[in-house]
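# Summary of structural features
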Amino acid sequence: MYETVTARSVLYIDIEGGNGGSSKSLTYMANRLDRTRYLPEIWHRLDNGHGDYLTGLHIEHRHEPRICSITPRASHNLKLWLVTAPRLLGLRPVADEIAAASPDVLHLNYEGLVPLLWLIGRQKKHPKIIIHFRTMSPANSVYRAFAKIINRHADQLIFISENERELVASAGVNVDRITSDVIYNPVQVPLGSEVSARRNDLATTLRLGYLSTLDDLRGADRLIELADALRRQNVNARIDAFGGSPGYRKLLVFPRRTLEELRERVAQNGLGDWITYHGRTEDPDAVLRETDILMWPARANNPWGRSILEAMAQGVPIMAVGQYDKFVTNEQTGYLFDQWNPEEWAKTIHRLDTDRSHLRALSQNARHRVSDLCDPDRYAARMMEVYDR
């Protein structure tokens, strides 16, 4: 007689709800699990129609607005905890309901869910707990406190790049004792790209894109400096920036008006012909299809985020600040600068404008790079290997 194998249940806790990068990666992966081996269920904090999408994929799901996360910040940590405290207290019933659901594997899709990890880890009986690290928070005293909880209660760790692994190790997480894996985010590379057709016409103005939240760490304000350099050098290019003001509040109280403030600066400097801040877009893929080069002038020096990977999948080369060259390799898949220098960026853009054949080569290399490193099916296979341990 053949032994009947029962599929194991995996419960994912998603702080977003389809719109953010971590949620997209999670959905890619859950949809590609072998359902004879693993049955996914996703509890997501936001809905925004995401539940209907998951239903269409035949993935069990639950809209759970009580999900709450918090990460270490460079400053104002005490205020942040005080403001977030009421929502953090609401995590206890969520932990109890997770225990009642009794999954075989609990996958916390963001390191900001460490408070939930603590609540579940203290229960007498709990599932295998995996925590996914996706951001570069400062390795300060708050992170060191998080590290103690992670060391005690996490069974496995997943990092979206080697950089997150090095960071948490510096904060005190024992990445050698706890099983850990670096698994790059998945992206779907289209069979063909409409972007490449635009690059043949030298008369066409190069469209420089930005697609992310308009915050200081991502360097959204630096685009104004770049626009000014493009104007002074009379480069045949313009910048189209898409993204909204950050959700976190000024002094933890006041809503941010970053989008409005950046638009005011553009008008004051007379740069309207060189840059436009469009606000949020509901169709980022359509934006990327009309983008020739993606700008990533981030102060965080992190050229490996989901915006970068999705642009490369569409055949859009990247210009970024940083040293990590797994994805953005200088003069192969884009241009990587050690530090921010808008004059040098403008000169590089001018060279690309006058040599469209090189731009097309960068485009093809970018697509091949993420096809090799970020294939969704291989991503799901790697994840199931993690669950199998």
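Residues numbered from 1 in each chain as written. Predicted model: local features only at pLDDT ≥ 70, side-chain atom pairs only at ≥ 80, totals over all residues. Heavy atoms only, no water.

### So, unusual backbone geometry
- Non-glycine residue Asn-301 carries a positive phi angle of around 50°.
- For Asn-301, the position within the fold is in the loop between β11 (293-296) and α12 (306-313).
- Using a relative accessible area of 30% as the deciding quantity, one classes Asn-301 as partly exposed.
- Non-glycine residue Glu-331 carries a positive phi angle of around 65°.
- Relative to the helices and strands, Glu-331 is located in the loop between β12 (318-321) and β13 (334-337).
- Classification of Glu-331 by relative accessible area gives partly exposed; the value is 49%. (Helix = DSSP H or I, 4+ residues; strand = E, 2+ residues; numbered from the N terminus. Buried < 20%, exposed > 50% of the residue type's maximum accessible area, 1.4 Å probe, protein only.)

### Comments concerning helix α7 (residues 162-170)
- Those residues of α7 that sit buried are Asn-163, Glu-164, Leu-167 and Val-168. Looking straight down α7, one finds its buried side chains confined to an arc of 125°; they lie on one side. Exposed side of α7, more than 90 degrees from the buried face: Glu-166 and Ser-170 are the residues found there.
- Considering only its buried residues, α7 is in contact with β5 (128-133), α6 (141-153) and β6 (156-159).
- Downstream of α7 by one or two residues, Gly-172 has phi in the positive range, about 110°. (Arc of directions from axis to C-beta. Contact = heavy atoms within 4.5 Å.)

### Focus: the sheet that holds strand β4 (residues 105-108)
- Reading across the sheet, the seven strands line up as β3-β2-β1-β4-β5-β6-β7 and stay open at both edges, with parallel pairing between neighbours. The strands lining the two open edges of the sheet, one partner per strand, are β3 (60-63) and β7 (179-182). Adjacent strand axes in the sheet meet at a mean angle of 20° when their direction is disregarded.
- Two strands pair when backbone bridges link them, and strand β2 (residues 38-44) and β3 are joined in this way by four bridges, in the parallel orientation. Across the sheet, the residue bridging to Trp-43 is Arg-62, located in β3. (Pairing = 2+ DSSP bridges. Axes fitted to C-alpha atoms, helices over the stretch in contact; angles between N-to-C directions.)

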